[in-house]
Amino acid sequence: MWRDLLPIGRHPASRGYRRFAWTGVDLECRAWFKEQAEARGLDYEVDRNGNQWAWLGDPAAGDAVVTGSHLDSVPDGGAFDGPLGVVSSFAALDELRGRGADFTKPLAIVNFGDEEGARFGLACVGSRLTGGQLTVEGAHKLTDGEGVSLPGPWRPPADDPDTIGADPERLARIGAFVELHVEQGRALDLSGDRVGIASAIWPHGRWRFDFRGEANHAGTTRLVDRRDPTLSYAETVLAARREAELAGAVATFGKISVEPNGVNAIPSLVRGWLDSRAEDQASLDRVVGGIEKAARAYAAAHGIDLDVVRESFTPVVEFDHALRDELARILGQEREPELKVPVLGTGAGHDAGILSGSIPTAMLFVRNPTGVSHSPAEFAAEDDCVAGVIALADVLEGLACT
């Protein structure tokens, strides 16, 4: 499975992946998912929000156990973020069938659409729509860099864009969702463990900073006469680093847009997107508040107008304690009594976090020896991936089988 999926969407120069939602490459990934489902005799369907499902058993029976992740990527992302969870889900089902497991609950494998938000600017679109955190009106306002709106690139059920939206009937059928994911950090590498359990996801969000100045000639405009928004933006980037360090948080301006974007023109607009995450809400508020305060001071000093817009936000996610403890119990059965499965928090957002307010969710992490993620250098060793599959199979067996 891994070999089949590996070349899809890989850029020949960067060696990273460009699997953006509802592009031709994404459709290839989705075709791969459908093939894997049908090859195993699973019932395949696409829900009203474009998420793919592969069912073993009758979904209407309720209390289903669901696993899976996503197949899209960030720009020039790695091979493991998302796909490892989907591939491992199919492999875990194969493992359980090899064990002769007797399923007493429906089991589903899911590929959530547009988890990374690389194309339309909002992460976890498929799960947000399903859970009701993204409204139909909000979805129609999302556009990509070419001005194409969601759901324009895909054909919703019955070709009716208004069929997208909250899906409480589907969520009511699910008793637990367990998502396996490569760790985006080095906690497991430092502890020497191959697999860990997630405790919580830090609160995080995205903010857009629009610095508006005045376009002018780069060669004839005196420095004292300039209203150059680049200066305020650059100082704000440095302020973000300072504020994050003070709070023990993270803050990143990872995307920028400049107008008119000419080498010999002073910009009229610099638009920068801030991603910030912290261990708790109070720390995140301090970081973002401090960055905005500094940005407004710098803007005022240079005669620049500034607008700050919060484009998305996810509060702290505490995964279901009972489900988390059950995972720890299941995975702890094969370990020495004094050894416990590590439980760790994360600053990365996931579909399991989005759905945690609607259904019981949990996550398994597979060791990442470098901690690098959202990069072509992202990596997990084969034996650790196999350990993840076995752990996921054990969990699914404990939750869905007698």
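Procedures and definitions
- Residues numbered from 1 in each chain as written.
- Predicted model: local features only at pLDDT ≥ 70, side-chain atom pairs only at ≥ 80, totals over all residues.
- Heavy atoms only, no water.
- Phe/Tyr/Trp six-rings, centres within 6.5 Å; stacked < 30°, edge-to-face > 60°.
- Helix = DSSP H or I, 4+ residues; strand = E, 2+ residues; numbered from the N terminus.
- Buried < 20%, exposed > 50% of the residue type's maximum accessible area, 1.4 Å probe, protein only.
- Salt bridge = Lys/Arg side-chain N within 4 Å of Asp/Glu carboxyl O.
- Polar contact = N/O pair within 3.5 Å; in protein donor to acceptor, adjacent residues only side chain to side chain.

(A) Seen up close, the packing of aromatic side chains. Evaluation of the coordinates by the stated rule reveals twelve aromatic pairs. Seen from their ring centres, Trp32 and Phe90 are 6.1 Å apart, and the 80 degrees between their planes marks the pair as edge-to-face. Placement of Trp32 in helix H2 (residues 24-39) and of Phe90 in helix H3 (residues 83-99) is noted, with a sequence separation of 58 residues between them. The exposure class assigned to Trp32 is buried, which follows from its relative accessible area of 4%. A relative accessible area of 0% means that Phe90 is categorised as buried. Their ring planes at 80 degrees and their centres at 5.5 Å tell us that Tyr233 and Phe253 sit as a pair that is edge-to-face. Pair noted here: Tyr233 is in helix H8 (residues 229-247) and Phe253 is in strand E9 (residues 250-259), with a separation of 20 residues, a long-range link. Each of the two residues, Tyr233 as well as Phe253, counts as buried. The structure contains a cluster of three or more aromatic residues connected by ring pairs, namely Trp32, Phe33, Tyr44 and Phe90.

(B) Up close: the pattern of salt bridges. Across all of its chains, the model carries 28 salt bridges by this definition. Put simply, Glu95 and Arg99 hold a salt bridge, and the shortest N to O gap is 2.8 Å. Taken together, the residues Glu95 and Arg99, both in helix H3 and four residues apart, mark about one turn of the helix. Look at Glu95 and you get partly exposed, because its relative accessible area is 26%. When salt bridges that share partners are traced, they join Glu45, Asp47, Arg48, Asp167, Glu169 and Arg170 into one network.

(C) View of the side chain of Arg119. Structurally, the position occupied by Arg119 is in the loop between strand E4 (107-111) and helix H4 (125-131). Relative accessible area serves as the criterion here: at 19%, Arg119 is assigned to the buried category. Engagement of the side chain of Arg119 in a polar contact is seen with the backbone oxygen of Trp22, the distance being 3.4 Å. In terms of polar contacts, Arg119 uses its side chain to reach the side chain of Asp144, at 2.9 Å.

That is the geometry; function is a separate question.
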